[in-house]
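# Overview (structure and organization)
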Amino acid sequence: MNKLKAINTVQYSLQLLTALLLLYFTINSDTPERITIPILLIFGWTLGFAQRRITRRRVNRLRKFFKADKFTGEFFGNLYLKDKKEFYTEYKKFINKTVLLLKTVGININTLPVLDVRSKGSSSIIGDRAFSSNAKIVSQIGDICIKEFHNNKIATVIKHIPGHGLAKVDSHKKTPTINKELRYLNNHDFMAFKNKNSLFAMTAHLIYKKIDKVNTATHSKKIIKLIRNKIKFRNILMSDDISMKSLKGSIAINTKKSFTAGCDLSLIHISELTRRRG
């Protein structure tokens, strides 16, 4: 009962804070353009609460309600290889618990699955969040994840499209540059994201030099065209957090560039937005 009360308090606080922020931005905005962006950012922040999801060992905002530290992507990827029957049983239990908790706090979007293909020698920022170093296995588990969440009326966000697994630096701190040829990327990292029936996808803040030497995927018309036409993701495309150090512009510039390149939504961590405005 105490846990349920705490969850309800969290839900109410989120709703109240969102309303207050929207009111604040509306009052302090003198043009429609300045109103539109904060609304999108607030929506992105709401998604961001789910992004700090209960599957991610590094950040678990709801640890007191659901201890899931061992249930990493790597854990389920290894189980999938070892015993598919046991995998389906355990993964479905995990998803059902996740769904129950998300619905209890009023969240209907979860930023899963991570479809980045793990690569030896790359940054640990993806690490055990990845299902496997095999793109086919990543793709197969991704399909299962999307289907199970959709069956439970929870939308999914595949990430980080078109693939973050090759990054040798953490995009929260620096801009990763990928030098692999397009043919390799199409057959490996990009393949894991192909033909996915997810409502949302989140972009990677990486530069793929063989496609666009200047812009990260989030700001690249060329890469977003590839995401739409080759990877065939046709639904809602959102940026990763635009305050990350991989992107060099201001919040306003990064937001505008992401929309110009073809993103439908722009995501920012609310604490960073507050800090910069303060």
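What comes next is a walk through the structure. As a convention, each chain's residues are numbered from 1 in the sequence order in which they are written. In keeping with the predicted nature of the model, local features appear solely for residues at pLDDT of at least 70, side-chain atom pairs appear and are counted solely at 80 or more, and the whole-chain, interface and lining totals rest on all residues. Processing note: side-chain calculations cover all non-hydrogen atoms of the structure and skip hydrogens and water entirely.

## Concerning the packing of helix α3 (residues 73-82) against helix α4 (residues 84-104)
As a reminder, the rule being used: Only C-alpha atoms enter the line fits that serve as axes; for helices the fit covers just the stretch in contact. Angles between N-to-C directions range over 0 to 180 degrees. Helix and strand assignments come from DSSP, with helices taken as H or I runs of at least 4 residues and strands as E runs of at least 2, each series counted from the N terminus. Note on terminology: angles under 35 degrees are roughly parallel, angles over 145 are roughly antiparallel, angles of 65 to 115 are roughly perpendicular, and the others are oblique. It is the rotation of the near helix from the far one that decides the hand of a crossing: anticlockwise by less than a right angle makes it left-handed, clockwise makes it right-handed. We call two residues in contact when some of their heavy atoms are within 4.5 Å. Only Asp, Glu, Lys and Arg are considered charged, only Ala, Val, Leu, Ile, Met, Phe, Trp, Tyr, Cys and Pro nonpolar, and every remaining residue, Gly among them, polar.
Across the interface, α3 lies against α4 with an axial gap of 6 Å and an inter-helix angle of 150 degrees. On the basis of the axis angle, α3 is roughly antiparallel to α4. When the axes of α3 and α4 are compared, the crossing they make is left-handed. Mapping the contact onto sequence places Phe76, Leu79, Tyr80 and Lys82 in α3 and Lys84, Glu86, Phe87, Tyr88, Glu90, Tyr91 and Phe94 in α4. Considered class by class, the residues forming the contact of α3 with α4 number 7 nonpolar, no polar and 4 charged.

## Focus on the packing of α3 against helix α5 (residues 135-151)
Helix-helix packing is characterised by the crossing angle of the two axes and by the distance between the axes. With their axes 11 Å apart at the nearest point, α3 and α5 run at an angle of 100 degrees to one another. Regarding the angle of α3 to α5, the classification is roughly perpendicular. Between α3 and α5, the residues in contact are Phe76, Gly77, Tyr80 and Leu81 and Ile137, Gln140, Ile141 and Ile144, respectively. Looking at the contact of α3 with α5 residue by residue, the classes come out as 6 nonpolar, 2 polar and no charged.

## Notes on the nonpolar core
We apply this condition: The term nonpolar core refers to a set of buried residues drawn from Ala, Val, Leu, Ile, Met, Phe, Trp, Tyr and Cys, joined through side-chain atoms within 4.5 Å. Relative accessibility under 20% of the residue-type maximum defines a buried residue, over 50% an exposed one, and the middle range a partly exposed one, all with a 1.4 Å probe and only protein chains included.
Within the largest apolar cluster, 49 residues are counted, with the highest numbers of intra-cluster contacts made by Phe87, Tyr91, Ile158, Ile161 and Tyr208. Listed by contribution, the elements that provide at least two residues to this core are α3, α4, α5, β2 (155-161) and α7 (221-229). Examining the composition of this core, we find that 8 residues originate from one element, α5, more than from any other. When sequence neighbours within four positions are dropped, the list of residues in contact with Phe87 reads Phe76, Leu79, Tyr80, Ile141 and Ile144. Core analysis: the second largest hydrophobic core is formed by 8 residues, Ile109, Val157, Phe200 and Met238 among them.

## Considerations on α5
Which entries qualify depends on this criterion: By this rule, a helix spans an expected 1.5 Å times one less than how many residues it contains. Polar contact criterion, stated in full: a pair of N or O atoms within 3.5 Å, where within protein one must be able to donate a hydrogen and the other to accept it, and residues adjacent in sequence count only if both atoms are side-chain atoms.
Over its 17 residues, α5 extends 24 Å from the first C-alpha to the last, a length consistent with the 24 Å expected when each residue adds 1.5 Å. Among the residues of α5, those classed as buried are Ala135, Ile137, Val138, Ser139, Ile141, Gly142, Ile144, Cys145, Ile146, Glu148 and Phe149. Next to the buried residues of α5 lie α3, α4, β1 (109-110) and β2. Between the side-chain oxygen at the start of α5 and the backbone nitrogen of Lys136 there is a gap of 2.9 Å, and the oxygen is on Asn134. Looking one or two residues beyond α5, the residue adopting positive phi is Lys153, at roughly 65 degrees.

By themselves these figures say nothing about function.
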